[in-house]
Amino acid sequence: MNPLCCIAPVSLDSAVEHHHQPPRILAAAAAAPTSPTPPAAAGAAAAAQVVLDAAQAAVAGVLHKWVNYGKGWRLRWFVLEGGVLSYYKLRVGGGGDSAASPAVAARVIGEGGALRRAREEAAAAGKQWKPFGEIHLKVSSIRASKSDDKRLYIFSGTKTLHLRCETEEDRNAWIQALQAAKDRFPRSLTSNDFSPMSDILLSTEKLRVRLLQEGLNETVVKECESIMMTELLELHNQMKSQQQQYSILIDRLRQLETEKVELERTVVHETKEREAHGYANGRYSVLSGGSASESDPDTASQVADVETDEDEVMYFDTRDFLSAESLRSASCRRRELLTNGCNGLEHIDPAANVVKTKYPSVKRRDKLPEPKEKENPVGLWSIIKENIGKDLSGVCLPVYFNEPLSSLQKCFEDLEYSYLVDHALQWGKQGDSLMRTLHVAAFAVSGYASTEGRQCKPFNPLLGETYEADYPDKGLRFFSEKVSHHPMVVACHCEGRGWKFWGDSNLKGKFWGRSIQLDPIGVLTLQFDDGETFQWSKVTTSIYNIIIGKIYCDHYGTMRIKGSGDYSCKLKFKEQSIIDRNPHQVHGFVQDNRTGQKVAMLIGKWDEAMYYVLGDPSAKPKGYDPMSEAVLLWERDKSLNQTRYNLSPFAISLNELTPNLAKKLPPTDSRLRPDQRHLENGEYEMANAEKLRLEQLQRQARRLQEKGWQPRWFSKDDDDSYRYVGGYWEAREKGNWDGIPDIFGQRSASPGWHISGTKPQVED
């Protein structure tokens, strides 16, 4: 028999209060019958129990859930039980979703063919399926749409569920059930939410027996029991105090989130009134059932936070192991591997001496010119009200919102840490495809490092605008061109020593009042001279707190790096939440393309550093610390930013224009763009005037494109991607720019436009 079964259960509070009594007497008192309940009290208790049962009863049904722009509205099976709303994928109509719905004994809301099919699938499944997502109502708010009587929203503070019912009656039933379940779990946390110690049954019986066996008398045994209970009571009080502090913190965070939501509602309400006076343009129709008349401005402030049905990647608790001590240890391990390279091929950094021996040193500028004018304040509120929900490419913002770089130059910023590709090239030459893949993955992440703290947007290029970057100190020649005006597409091509990099990007941007969401569409390709190729797409970027608070950007989503060789990589950029103390996390795995086995883990932050661990850490025993074996793979350049735009030292050099370089550039190069040059020089009035003039010229670009305009240096391939056709650097060498239009027009007549900087000094 298990000896624990013989222990008499004792409540901690009662034991502390009566610790002078023997535990067996307390147990007998706890088992004694209570006095009978009066009839009136019994009736009230029964009524209360009915309400409680109604709140606890499971509710189920089929709802339309907004997934993302690619999938739109999808049917999901929802189950509300125990204060948690879970949803499951369905195979309705032979769709692409793979999981069937679970069979749940619950009150069903709704009717119709979709519900019948869901029930049939549930019956066919015959077992419970794991939910695809869950929402805890205790920390969520429920809101009905004001413009669509079939829709409702559930906001949890970190994500929003957009739901649509078949009828208004179904929506009312769902809201009533959700609110009843939420009322059982109030937003304010109490000690009942933490399994209080008073409900834990303790016993001193084993201690008593052991002490008596040692020959101690009854008085000493009671004193020992009293000491133990007193210590437990003190610990119990400390835990309660910490619970109360945690509850206060959570309440404050929820209050701040509520204030943000109320502010968003104000912005959207004004937008709705403006649309009611004939300004509606159907821009919300993508979230409606189809027609623009069903548009719902309530969703405008929330779309950027919509939860998507994308496969989740498990995260380690980096709060613990991404500590300063762990990072120092990982850096030391890398230095040890470099110094002990003779111990084996896997410990050699073959690219350690590449830059020193082959690449010249180039001295470039390290700061921007001092501004010549004082920057004027901007009427931000009026701009926000007029442009909520619009595509950013169609929004005419004042020049004060820009930084003195174009999107063409921002493409080259992704290659700031191109030495990682050089290292990957050398690893591949020595037969280590795994280390090559790890360095390519680090290179893909490093492109986001310079975005931290950047609060201004780049200039939208004009149709046919180009940018070149000849960086012998990095062994690079880069070229980019705006190849399409609508949709806005930028294509680029870069040649390194032993590799090529190219891609195009169609950036979908939306302005949601409190945030800007940027969804890149396009594929980036990296190809080594030995034929191995890697391809990936960028993740979503959002800029938050446009209205109030500190502006910050975040990158989130899944990046899949497909390799043509032995390995591929999957990285998950974790979305930052309102209470996230460790943001910007990136976590992923390298997999063997033949077996699907995980062979290495990547962990780090996109604005700091990336580390790798060989093997599959998820298969290690519980409590394993991946950072105990992690090795530093890439670290951000921590040079101080010295400009008002928070540009990195590398970004500062991108728009540098010397007299010698100006003679070689085509008239379409971004460095010759007058409004961008005026902004860099701090000549804001002239920059604004030039920006308006160029935007008027750009309005002709769409008509020009419709008439069959083609880009000069790129062409579409069979996959509708743009590839460099060649000839630019040869034309530059000859200085032959015949047929290249002066797209900026009259730039030489613009007062105050001049070239600043000095000629770069090249050291052999």
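Residues numbered from 1 in each chain as written. Predicted model: local features only at pLDDT ≥ 70, side-chain atom pairs only at ≥ 80, totals over all residues. Heavy atoms only, no water.

Caption draft 1: The overall build of the protein chain, seen in detail. Broken down by element type, the protein chain carries 20 helices and 30 strands. The buried share of the protein chain, taken over its 764 residues, is 48%. Long-range contacts, defined as pairs at least 24 residues apart, comprise 64% of the intrachain contacts of the protein chain with a sequence gap of at least 6. By element, 52% of the accessible surface of the protein chain is carried by carbon and sulfur atoms, the whole surface being about 37,300 Å². (Helix = DSSP H or I, 4+ residues; strand = E, 2+ residues; numbered from the N terminus. Buried < 20%, exposed > 50% of the residue type's maximum accessible area, 1.4 Å probe, protein only. Contact = heavy atoms within 4.5 Å. Areas by Shrake-Rupley, 256 points an atom, 1.4 Å probe, with all protein chains shown as cover.)

Caption draft 2: Just helix 5 (residues 168–183), in detail. Its 16 residues place the ends of helix 5 22 Å apart at the C-alpha level, agreeing with the 22 Å of an ideal helix rising 1.5 Å per residue. For helix 5, the complete set of buried residues consists of Asp-170, Arg-171, Trp-174, Ala-177, Leu-178, Ala-181 and Lys-182. The arc enclosing the buried residues of helix 5, seen along the axis, measures out at 135 degrees, which places them on a common side. Among the exposed residues of helix 5, those oriented more than 90 degrees off its buried face are Glu-169, Gln-176 and Asp-183. (Expected span 1.5 Å × (residues − 1). Arc of directions from axis to C-beta.)

Caption draft 3: Focus on the nonpolar core. Counting residues in hydrophobic clusters, the biggest one holds 75 residues, and the most contacted among them are Phe-412, Trp-499, Phe-501, Trp-536, Ile-561, Leu-571 and Leu-602. Examining the composition of this core, we find that 9 residues originate from one element, helix 14 (residues 433–446), more than from any other. The residues touching Phe-412, leaving out its near neighbours within four places in the chain, are Tyr-467, Ala-469, Tyr-471, Leu-476, Phe-478, Phe-650 and Leu-654. In terms of nonpolar packing, the next biggest core, distinct from the first, is built from 19 residues, Val-59, Phe-78, Leu-85 and Trp-174 among them. (Core = buried A, V, L, I, M, F, W, Y, C linked by side-chain atoms within 4.5 Å.)

Caption draft 4: Structural view of unusual backbone geometry. Residue Pro-487 is reached from His-486 by a cis peptide bond, and omega for that bond is 5 degrees. Although it is not a glycine, His-584 adopts a positive phi angle of roughly 70 degrees. When you line up the elements, His-584 lands in the loop between strand 23 (567–573) and strand 24 (585–592). A relative accessible area of 8% means that His-584 is categorised as buried. Even without glycine at this site, Asp-720 takes up a positive phi of about 60 degrees. Mapped onto the elements, Asp-720 comes out in the loop between strand 28 (714–716) and strand 29 (722–724). For Asp-720, a relative accessible area of 55% translates into the label exposed.

Caption draft 5: View of the pattern of salt bridges. Within this structure, the stated rule accounts for 22 salt bridges. Note that Arg-477 and Glu-495 form a salt bridge whose closest N and O atoms lie 3.8 Å from each other. In this pair, Arg-477 is assigned in strand 15 (residues 476–484) and Glu-495 in strand 16 (residues 489–495), connecting sequence segments 18 residues apart. A residue is classified by how much of its surface remains accessible, and Glu-495, at 25% relative accessible area, is partly exposed. In this structure, Asp-675 and Arg-673 form a salt bridge, with 2.8 Å as the shortest nitrogen-oxygen distance. Of the residues examined, Arg-673 reaches a relative accessible area of 4% and is grouped as buried. (Salt bridge = Lys/Arg side-chain N within 4 Å of Asp/Glu carboxyl O.)

Caption draft 6: Quick look at the packing of helix 13 (residues 419–429) against helix 14. For the pair helix 13 and helix 14, the least separation of the axes is 8 Å and the interaxial angle reads 170 degrees. On the basis of the axis angle, helix 13 is roughly antiparallel to helix 14. Together, Leu-420, Val-421, His-423, Ala-424, Leu-425, Trp-427, Gly-428 and Lys-429 of helix 13 and Met-435, Arg-436, His-439, Val-440, Ala-442, Phe-443 and Ser-446 of helix 14 make up the contact between the two elements. (Axes fitted to C-alpha atoms, helices over the stretch in contact; angles between N-to-C directions. Parallel < 35°, antiparallel > 145°, perpendicular 65-115°, else oblique.)

Caption draft 7: Looking closely at the pairing of strand 9 (residues 160–164). Extensive coverage of strand 9 is indicated by the burial of 5 of its 5 residues. Burial of the side chains of strand 9 extends over both faces: Thr-160, His-162 and Arg-164 are buried on one face and Leu-161 and Leu-163 on the other. Note that strand 2 (residues 59–68) and strand 9 share 2 bridges and pair antiparallel. Each residue of the ladder has a partner; that of His-64, found in strand 9, is Arg-164. With 5 bridges connecting them, strand 8 (residues 151–155) and strand 9 associate as antiparallel partners. In the sheet register, Arg-151 faces strand 9, and the bridge partner there is Arg-164. (Pairing = 2+ DSSP bridges.)

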